[in-house]
Amino acid sequence: MGENLTRGPDTAGRLPGAEPRPAGTPKIVGIVWGLLVLNTLGSAGAKTIVPLPRSLIQMVTMGSLVAAFALALVVNQRVRIRASAYVLLLTLLLVSSVISSASLESGMGALFRCFRLTLFVGTLWLLSRWWDGSLTFVRYHIRAYFAVLGSVAVGLVVSPGKALPDLYGGRLVGALWPLTPPQIGQYAAVIIGLTVLLVIGRRTDRTSAVLVIVPSLVLLALTHTRTATLGLLLGLVLAIGSLILTSAAARRFFTWAVLCAVVAAVGFASALQSWFLRGQSQENFSSLTGRAKVWNALLDAPRSASEKLFGVGLGDKSFGGLPIDNSWLAVYNEQGLIGVTLVAAIIIVLGGVALLRPPSLQRACAIFLISYCAIASYTEAGLGDASPYLLHLALAVSLLAAPAGAAPLSTSTPAVPRRHIPRWARRSEVT
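None of these values were measured; they are calculated from a predicted model.

Draft legend 1. Here's a closer look at the overall build of the protein. Along the protein, the regular secondary structure elements total 17 helices and two strands. Sorting the 431 residues of the protein into buried and exposed places 47% on the buried side. Put simply, 77% of the contacts in the protein that link residues at least 6 apart link residues at least 24 apart. Entry remark: accessible area of the protein is about 21100 Å², with carbon and sulfur atoms responsible for 67%.

Here you go:
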């Protein structure tokens, strides 16, 4: 099924115009990408069916990152990399993080997180060699996160009580691996959006797409994750909007989507409102489930000039023992104004590059990923440290990259030197 996510059937088993995996991309690169996904799953979450010590989970996630870096070195022994403004900005963010963490204000854990971020960024540098604007890494991305969602579905079937605990208000969590509802919602929303775009671009057959989209939609609904749902809807609107002028399939899909949305809004308004509010009061909803109180306390806390500029060092994205749940404020707290500037530069640069690219399926996928990360950054942390959001943006970069073999537009074909022809040989007749 995973193979069909980028190749649908024609007479030879593939849609006309479908794009196979480039011959120059080793299969081991997909394994490295999957290990990066495993590393960013985190170690904190709900109680699982079989209790897993946090130390064991951290060993698995950190071991996957070390293995990813080692395999990337093996497959790219000559350390050939491509110029990438995105990874360069991440490298500068890493340097800023090391400077802020050196004071150990956040404890020794800050240096460990810097080491983790170093391996993460280093692995992206090594993988940049294969970023060529193809859909190869989209296939890797969908496969990896669909496998994660598969474990969530298995946990739901095996132990519904553990998967829908009262502690989380009956929202879906990971019962086999400790995953929170926002994490599951994010993974489901991203692969739904990418798969929908592959269908519109005729890079997968509808049967395979349904097998991915329908279960992911069910899991997304069970998480009651508003951020992921809004990110999915708005991201798809922007991505499909970028294809409307050049794709009849995009125009048809957009038309049907608008009609279905109108019918749902009219016929199921009360049910949608109930799902969206999750049983919360208007006061709790307006304060973003208590997030606003944490944000105000963080901004009102006294800080030295150094802390404002560089932050207090990489931490667990919390303030006063409560999660910050905002990428910009988390970066400001841990990496200071310099970190905020670098993260803003990442979003602006990637968004600008995407807008300047001609309309294409790759560009639409990149726009979806960039817009989703920008929307989710308001209520989710992760843009300043190794996280799924940085992987989503790295995937967008791989889609926006020019093919490695393409010559620069400004390069002209060198003139072929003309042979000197003797004067007597230039005459048309010999007399």
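Draft legend 2. Local environment of the environment of Ala44. Counting through the fold element by element, Ala44 comes out in the loop between α1 (27–39) and α2 (54–75). For Ala44, a relative accessible area of 47% puts it in the partly exposed group. With 136 residues separating them in the primary sequence, Ala44 and Thr180 have C-alpha atoms 8.1 Å apart. Those residues in contact with Ala44 that lie beyond four places of it in its chain are Pro178, Thr180 and Gln183.

Draft legend 3. Structural context of the packing of aromatic side chains. In total, this model carries five aromatic pairs according to the counting rule given. Relative to Tyr140, the ring of Phe137 has its centre 5.4 Å away and its plane inclined at 80 degrees; by these criteria the two rings are edge-to-face. Note that Phe137 and Tyr140 are positioned in helix α5 (residues 136–158) at a spacing of three residues, about one turn of the helix. A relative accessible area of 2% means that Phe137 is categorised as buried.

Draft legend 4. Highlighting the nonpolar core. One finds Trp33, Tyr86 and Leu124 to be the most contacted residues of the largest nonpolar core, which totals 102 residues. When residues in this core are grouped by element, the largest group, 12 residues, is from helix α7 (residues 181–200). Counting six residues, the second-largest nonpolar core is a separate cluster that includes Trp295, Leu298, Ala330 and Tyr332.

Draft legend 5. Fine view of the packing of α1 against α5. Where α1 contacts α5, the two axes come as close as 9 Å, and the packing angle between them is 45 degrees. In terms of orientation, α1 lies oblique with respect to α5. At the point where α1 passes α5, the crossing takes the right-handed sense. The residues of α5 that touch α1, namely those facing Val29, Gly30, Trp33, Gly34 and Val37, are Phe137, Tyr140, His141, Ala144, Tyr145 and Val148. A per-class count over the contact of α1 with α5 returns eight nonpolar, three polar and no charged.

Draft legend 6. Geometry of a nonpolar patch on the surface. The grouping of Ile49, Val50, Leu52, Leu56, Met59, Val60, Val154, Val157, Val158 and Leu176 at the surface amounts to a nonpolar patch, some 850 Å² of accessible area in total. Judged by relative accessible area, Val154 falls into the partly exposed class, the value being 42%.

Draft legend 7. Inspection of the layout of surface pockets at higher detail. If you add up the space inside the second largest pocket, you get close to 1000 Å³. Thr229, Leu232, Leu233, Ala257 and Ala261 are, among the 22 residues lining the second largest pocket, the residues nearest its centre. Taken together, the elements giving at least two residues each to the lining of the second largest pocket come down to α7, α8 (206–223), α9 (226–241), α10 (248–267) and α11 (269–277). The class makeup of the residues in the lining of the second largest pocket is 21 nonpolar, one polar and no charged.

Draft legend 8. Structural detail: a positive patch on the surface. On the surface, Arg202, Arg206, Arg251 and Arg252 cluster together to form a positively charged patch. With respect to the helices, strands and loops of the structure, Arg202 is situated in the loop between α7 and α8.

Draft legend 9. The pattern of salt bridges, seen in detail. For the structure on display, the rule yields three salt bridges. Residue Asp325 is joined to Arg291 by a salt bridge in which the shortest nitrogen-to-oxygen separation is 3.5 Å. Residue Asp325 is located in the loop between β2 (322–323) and α15 (327–356), and its partner Arg291 is located in helix α13 (residues 291–300); the two are separated by 34 residues in the primary sequence. For Arg291, a relative accessible area of 17% translates into the label buried. Between Glu334 and Lys317 there is a salt bridge, with the nearest N and O atoms lying 3.1 Å from each other.

Draft legend 10. Broad picture of unusual backbone geometry. In this structure, His224 takes a positive phi of about 55 degrees despite not being glycine. On the secondary structure map, His224 appears in the loop between α8 and α9. Residue His224 is classed as partly exposed on the basis of its relative accessible area of 23%. Within the chain, Asp325 stands out as a residue other than glycine whose phi angle is a positive 55 degrees. Overall, Asp325 belongs to the partly exposed group, its relative accessible area being 21%.

Draft legend 11. Spatial organisation of the confidence of the model for the protein. Taken as a whole, the protein shows an average pLDDT of 85; of its residues, 85% reach a score of 70 or greater. Throughout residues 1–22 the model reports pLDDT below 50, and contacts reaching past four residues in sequence, or to other chains, amount to 60 contacts. Ignoring residues within four places in sequence, the model shows residues 424–431, a span with pLDDT below 50, making two contacts including any to other chains.

Draft legend 12. Here's a closer look at α15. The end-to-end C-alpha separation of α15 is 26 Å, well short of the 44 Å expected for 30 residues at 1.5 Å each. Gln335 marks where α15 bends most, by close to 135 degrees. The opening residue of α15, the one whose side-chain oxygen lies 2.9 Å from the backbone nitrogen of Trp328, is Asn326.

Draft legend 13. Main features of the environment of Leu400. Position of Leu400 among the secondary structure elements: in helix α17 (residues 388–400). Each C-alpha atom of the pair Leu400 and Gln362 lies 6.9 Å from the other, and the pair is 38 residues apart in sequence. Beyond its immediate sequence surroundings of up to four residues, Leu400 is in contact with Leu350, Val353, Ala354, Arg357, Arg363, Ala366 and Ile370.

Rules behind the numbers
- Residues numbered from 1 in each chain as written.
- Predicted model: local features only at pLDDT ≥ 70, side-chain atom pairs only at ≥ 80, totals over all residues.
- Heavy atoms only, no water.
- Helix = DSSP H or I, 4+ residues; strand = E, 2+ residues; numbered from the N terminus.
- Buried < 20%, exposed > 50% of the residue type's maximum accessible area, 1.4 Å probe, protein only.
- Contact = heavy atoms within 4.5 Å.
- Areas by Shrake-Rupley, 256 points an atom, 1.4 Å probe, with all protein chains shown as cover.
- Phe/Tyr/Trp six-rings, centres within 6.5 Å; stacked < 30°, edge-to-face > 60°.
- Core = buried A, V, L, I, M, F, W, Y, C linked by side-chain atoms within 4.5 Å.
- Axes fitted to C-alpha atoms, helices over the stretch in contact; angles between N-to-C directions.
- Parallel < 35°, antiparallel > 145°, perpendicular 65-115°, else oblique.
- Left-handed = near helix turned anticlockwise from the far one by under 90°.
- Nonpolar A, V, L, I, M, F, W, Y, C, P; charged D, E, K, R; others polar.
- Patch = residues over 30% accessible without salt bridge, like charges linked within 9 Å, V, L, I, M, F, W, Y side chains within 5 Å.
- Salt bridge = Lys/Arg side-chain N within 4 Å of Asp/Glu carboxyl O.
- 1 Å grid on protein atoms, 1.4 Å probe; cavity = no way out; pocket = protein on both sides within 12 Å on 5 of 7 lines; lining within 4 Å.
- Points joined across faces, edges and corners; volume = space filled by probe spheres on them.
- Lys, Arg positive; Asp, Glu negative; His and termini not counted.
- Charge placed at Lys NZ, Arg CZ, Asp CG, Glu CD.
- pLDDT = per-residue confidence, 0-100.
- Expected span 1.5 Å × (residues − 1).
- Bend = angle between axes of the 7 residues up to and from the residue.
- Polar contact = N/O pair within 3.5 Å; in protein donor to acceptor, adjacent residues only side chain to side chain.

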